[in-house]
Amino acid sequence: MVQEFEGRTEKEAIDVAAAQLGLERDGFDVEILESLSGGIFKKGKVRIRVHTRDETPAPRKKLAVEDVVPADEFETRIIEFTKHIISGMGYSSEVTILFREEKKLGIRIESEHASIIIGKKGKNLDALQLLVNVYAGRMGHEDTRIILDSENYRIRREEAIVRLAYDTAEQVRRTRQSVLLEPMNPFERRIVHTTLNDIVDIETKSEGEGLYKQVRVTFRGKI
Amino acid sequence: MERDLVEYIAKSLVDDPAAVNVAVVEGDKSTILELRVAEEDIGKVIGKHGRIAKAIRTILSASSTAASKRIILEILD
């Protein structure tokens, strides 16, 4: 959600926002829209726009213990396949159902080797997820998307990208220099685009070829 | 071990699992795995733009033995 607030100083505007929204300072992101510093006889005025993170879907309900086990042949085979590959890599794991949604199946991997199973920037988890999705497609479930997660990596990565997007927008606005972000997969790029979509003076565009393109964040100036 | 892993993945993705064969060429610093599948199944282990082959290679590079020895996957036709 996006709302605007005013104060005599930046700090005051932020305090007003925090009080009205009932949030801690780190619960929202602030964009300075207008900043007039006050003089001896003149009151300063700062207008800010506040982005709260209610766009992220409500946290998924935790499944009851009896529901994390596979409920049908398809789920059983997906779990088997995932577990088998991980054990083939030389790691032990517990694989269960994380969530069931329309055309989406979440799989949770628990392992003492979670960090290597996830890999740098989720590289290994993404590779495993791709294979699992191809396998699901071969079983006639092309329309079901399988999402693998371990140690809440997906949600943590999403939050990190939203933060990176806002920080980059701030930097671009300050320096008036565009910034090219590190290569990201389509899902991660979409998070950057949608996060910065509402910010009028900032523009985002993907550059490069293939699956891992880079997002460039540029300053568009005052409207 | 990686041989079995590649065989398992390949057999799970192809139409003709019986035709899947993985040969191992051991070197000092690396192990080469040569994967052969039925001609009609080649695309199923390579994928569009090599996505599946790349994913299998990534999985191999994350395996516990990859820390000490490089594992190279070759898909032969």
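In this text the structure is predicted, and so the values were computed from the model without any measurement.

### Focus: the side chain of Glu-2 of chain B
All names here are of chain B.
Part 1: Locating Glu-2 in the fold gives a position in helix α1 (residues 2-13).
Part 2: Although Glu-2 lies buried, it forms no salt bridge, and the closest oppositely charged side chain, Lys-69, sits 9.2 Å away as judged by the N-O distance.
Part 3: Apart from the residues within four sequence positions on either side, Glu-2 is in contact with Leu-33, Leu-60, Ser-63, Thr-65 and Ile-71.

### Topic: the interface of chain B and chain A
Often the size quoted for an interface is simply the accessible area lost on bringing the parts together.
Part 1: Facing 18 residues of chain B, the contacting portion of chain A comprises 19 residues.
Part 2: Where chain B abuts chain A, roughly 1,700 Å² becomes buried across the two surfaces, and 72% of that area is made up of carbon and sulfur atoms.
Part 3: Of all residues in chain B, Tyr-8, Ile-59 and Ala-62 of chain B give up the largest surface area on contact with chain A, accounting jointly for 31% of the area buried on that side.
Part 4: Scanning the region where chain B abuts chain A turns up one salt bridge.
Part 5: We note a salt bridge from Asp-15 of chain B to Arg-138 of chain A, for which the minimum N-O separation is 2.9 Å.
Part 6: Applying the counting rule to chain B against chain A returns six residue pairs in polar contact (both at pLDDT 80 or more).
Part 7: The element contributing the most residues to the side of chain B that touches chain A is helix α3 (residues 51-61) of chain B, with six residues.
Part 8: Looking at the side of chain B that touches chain A residue by residue, the class counts come to eleven nonpolar, four polar and three charged.

Each value, and the rule that gives it
- Residues numbered from 1 in each chain as written.
- Chains lettered and ligands numbered in written order.
- Predicted model: local features only at pLDDT ≥ 70, side-chain atom pairs only at ≥ 80, totals over all residues.
- Heavy atoms only, no water.
- Helix = DSSP H or I, 4+ residues; strand = E, 2+ residues; numbered from the N terminus.
- Buried < 20%, exposed > 50% of the residue type's maximum accessible area, 1.4 Å probe, protein only.
- Lys, Arg positive; Asp, Glu negative; His and termini not counted.
- Salt bridge = Lys/Arg side-chain N within 4 Å of Asp/Glu carboxyl O.
- Contact = heavy atoms within 4.5 Å.
- Buried area = accessible area lost by both parts, 1.4 Å probe.
- Polar contact = N/O pair within 3.5 Å; in protein donor to acceptor, adjacent residues only side chain to side chain.
- Nonpolar A, V, L, I, M, F, W, Y, C, P; charged D, E, K, R; others polar.

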